[in-house]
Amino acid sequence: LRKNVEDFTGPRERSDLGFVTFDITADILNGKNDLQSIFDWNVKQLFLYLSAEYATKNNALNQVVLWDKIMLRGDNPRLFLKDMKSKYFFFDDGNGLKGNRNVTLTLSWNVVPNAGILPLVTGSGHVSVPFPDTYETTKSY
Amino acid sequence: MIVSSALMIWKGLIVITGSESPIVVVLSGSMEPAFHRGDLLFLTNFHDDPIRAGEIVVFKVEGRDIPIVHRVIKIHENSVAYFLRPWLVSLSKVAQVRNRENGNIKFLTKGDNNEVDDRGLYKEGQNWLEKKDVVGRARGFLPYVGMVTIIMNDYPKFKYALLAVMGAYVLLKRES
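Computed from a prediction, not measured in an experiment: that's the story for all the values here.

Procedures and definitions
Residues numbered from 1 in each chain as written. Chains lettered and ligands numbered in written order. Predicted model: local features only at pLDDT ≥ 70, side-chain atom pairs only at ≥ 80, totals over all residues. Heavy atoms only, no water. Helix = DSSP H or I, 4+ residues; strand = E, 2+ residues; numbered from the N terminus. Buried < 20%, exposed > 50% of the residue type's maximum accessible area, 1.4 Å probe, protein only. Contact = heavy atoms within 4.5 Å. Areas by Shrake-Rupley, 256 points an atom, 1.4 Å probe, with all protein chains shown as cover. Buried area = accessible area lost by both parts, 1.4 Å probe. Salt bridge = Lys/Arg side-chain N within 4 Å of Asp/Glu carboxyl O. Phe/Tyr/Trp six-rings, centres within 6.5 Å; stacked < 30°, edge-to-face > 60°. Lys NZ or Arg CZ within 6 Å of the ring centre and 35° of its normal. pLDDT = per-residue confidence, 0-100. Polar contact = N/O pair within 3.5 Å; in protein donor to acceptor, adjacent residues only side chain to side chain. Pairing = 2+ DSSP bridges.

Enquirer: What exactly am I supposed to notice about the overall build of chain B here?
Expert: Within chain B, the regular secondary structure consists of four helices and seven strands. Beginning at the N terminus, the succession of helices and strands in chain B can be written as α-β-β-β-β-α-β-β-β-α-α. Counting all 176 residues of chain B, 36% fall into the buried class. For chain B, contacts bridging at least 24 residues in sequence account for 64% of all contacts bridging at least 6. Summed over all atoms, the accessible surface of chain B reaches about 10,700 Å², with 63% contributed by carbon and sulfur.

In structure tokens form, the structure reads like this:
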């Protein structure tokens, strides 16, 4: 599972709004490190989501879900997403995105069983996205 | 006897899980296809459990009684002693001091099956939820089992019939 990103920021009122584009690739490997191996008889679906985690002056910990997808058992377990835009607006609670070098994107998933425990798993590997120090004023998105 | 042991078990669950309502029934389809109306959810609400994006939480909007089961999509957390954090982390390893990461947290939720986030559900002017609004975190679930509660709510006659049957059973048992 790999991700690549680009970034811009723009202020809306008083809060920073970030724009991120990313690729997500999840392919079928030898049944060890792929999504297919998580689906067993008791797994109804996987709720996948890409979240950005970072710290700002105002807030020690911020997590924002940028994108999510529901993958049912039987769906194609491969993902070849390129140049995806975030599904949800990436607002900060303040101006903490500007110049923030340490924004980390991680892919995680919620395993929803047919019955039983609901675990939340974080994918290993993450991508760091540095945000620029300046705002983009005219950006049609 | 049965009633008191049932009550004891329920109270025990409340204490063990830390949640005022450790078992809830899913009332709406807003988390489909993961959860459907009538599914049963098991919750915990441990104080030290941090709320993190992606978790499924059950919360109540201030002033309303209905628990809502949705997913956390945004959190902003600040801790009181943020600048002391590195020092506190090493201290917590040595002296088992409680980790202060769990400071003031505000978060936003959204149902998987909904297009928009839950701001429309919150109180007028409220933009974020806080820890105090949380009834618990969904840890496990059983499908369909909660349907009984929904049927009893939608068809009160069924509820009275069930109560009558249970009452009759208790009375008859005593006599023998």
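Having seen the structure, we can now continue with the description.
Enquirer: Hey, could you run me through the interface of chain A and chain B in this one?
Expert: Taken together, the contact between chain A and chain B spans 31 residues of the former and 30 residues of the latter. Interface of chain A and chain B: buried area, both sides summed, is about 2,400 Å²; carbon and sulfur atoms make up 57% of it. Interface area lost by chain A to chain B is led by Leu-61, Gln-63 and Leu-118 of chain A, which between them contribute 25%. Across the chain A-chain B interface, the total number found is zero salt bridges.

Enquirer: What is the right way to look at the environment of Ile-150 of chain B in this model?
Expert: Position of Ile-150 of chain B among the secondary structure elements: in helix H3 (residues 147-154). Apart from residues lying up to four places away in sequence, Ile-150 of chain B is in contact with Val-25, Val-26, Leu-27, Arg-37 and Gly-38 of chain B.

Enquirer: What is the right way to read the packing of aromatic side chains from this model?
Expert: What describes a pair of aromatic rings is the distance from one ring centre to the other and the angle between the planes of the rings. Following the criterion strictly, the structure yields three aromatic pairs over all chains and no others. Ring centres of Phe-47 of chain A and Tyr-49 of chain A lie 6.2 Å apart, and the angle between their planes is 45 degrees; on these two criteria the pair is classed as tilted. Side by side, Phe-47 of chain A and Tyr-49 of chain A carry an identical accessibility label, which is buried. Taking NZ or CZ as reference, Arg-71 of chain B lies 3.5 Å from the ring centre of Phe-47 of chain A, over its face. Above the face of the Trp-128 of chain B ring, Arg-119 of chain B is positioned so that its terminal group lies 4.8 Å from the ring centre.

Enquirer: So what exactly am I meant to see when it comes to the confidence of the model for chain B here?
Expert: Detailed conclusions should not be drawn from predicted coordinates in areas where pLDDT is low. Residues and elements named next belong to chain B. Averaged over all residues, the pLDDT of chain B equals 80, while 85% of them reach at least 70. Put simply, helix H2 (residues 85-95) is where chain B has its lowest mean pLDDT, 50, and strand E6 (residues 129-130) is where it has its highest, 90. Across residues 92-101, confidence stays below pLDDT 50; counting only partners more than four residues off in sequence or on other chains, it has twelve contacts. ipTM for the predicted complex: 0.77, alongside a pTM of 0.76.

Enquirer: Please explain the confidence of the model for chain A as it appears in this structure.
Expert: Residues at a pLDDT of 70 or more form 67% of chain A, whose mean pLDDT is 72. Predicted confidence in chain A is weakest over strand E1 (residues 5-12) of chain A, with a mean pLDDT of 54, and strongest over strand E4 (residues 61-72) of chain A, with 85.

Enquirer: Help me understand the pattern of salt bridges, please; the structure alone is not making it clear to me.
Expert: Two side chains of opposite charge can pair, provided their charged atoms sit close to one another. All names here are of chain B. Across all of its chains, the model carries nine salt bridges over all chains by this definition. Asp-154 is the partner of Arg-37 in a salt bridge, and the nearest nitrogen-oxygen pair spans 3.2 Å. Remark: Asp-154 occurs in helix H3 and Arg-37 occurs in the loop between strand E1 (23-25) and strand E2 (40-44); sequence separation between them is 117 residues. You can call Arg-37 partly exposed: its relative accessible area is 38%. A salt bridge links Arg-71 to Asp-112; its shortest N-O distance comes to 2.9 Å. With a gap of 41 residues between them, Arg-71 in strand E4 (residues 67-78) and Asp-112 in the loop between strand E5 (104-110) and E6 connect regions that are remote in the sequence. Note on accessibility: Arg-71 and Asp-112 belong to one class, buried. Taken together, the shared-partner salt bridges in this structure form one network comprising Glu-62, Lys-123, Lys-132 and Asp-133.

Enquirer: Help me understand the side chain of Thr-17 of chain B in this model?
Expert: All names here are of chain B. The topology assignment puts Thr-17 in helix H1 (residues 2-17). For Thr-17, a relative accessible area of 9% translates into the label buried. Within the structure, the side chain of Thr-17 is placed 2.9 Å from the backbone oxygen of Leu-13, a separation counted as a polar contact. Ignoring anything within four residues of it in the chain, the contact list for Thr-17 reads Pro-22, Leu-43, Thr-44, Asn-45 and Phe-46.

Enquirer: How should the pairing of strand E7 (residues 134-142) of chain B be read in this particular structure?
Expert: Looking down a regular strand, the side chains alternate between one sheet face and the other. All names here are of chain B. Most of E7 sits inside the fold, with seven of its nine residues counted as buried. Alignment of E2 against E7, held across five bridges, turns out to be antiparallel. By the bridge assignment for E7, Leu-41 is matched with Phe-141. Both strand E3 (residues 56-60) and E7 contribute to a ladder of three bridges, which runs antiparallel. Within E7, the position partnered with Val-57 by the bridge is Arg-137.

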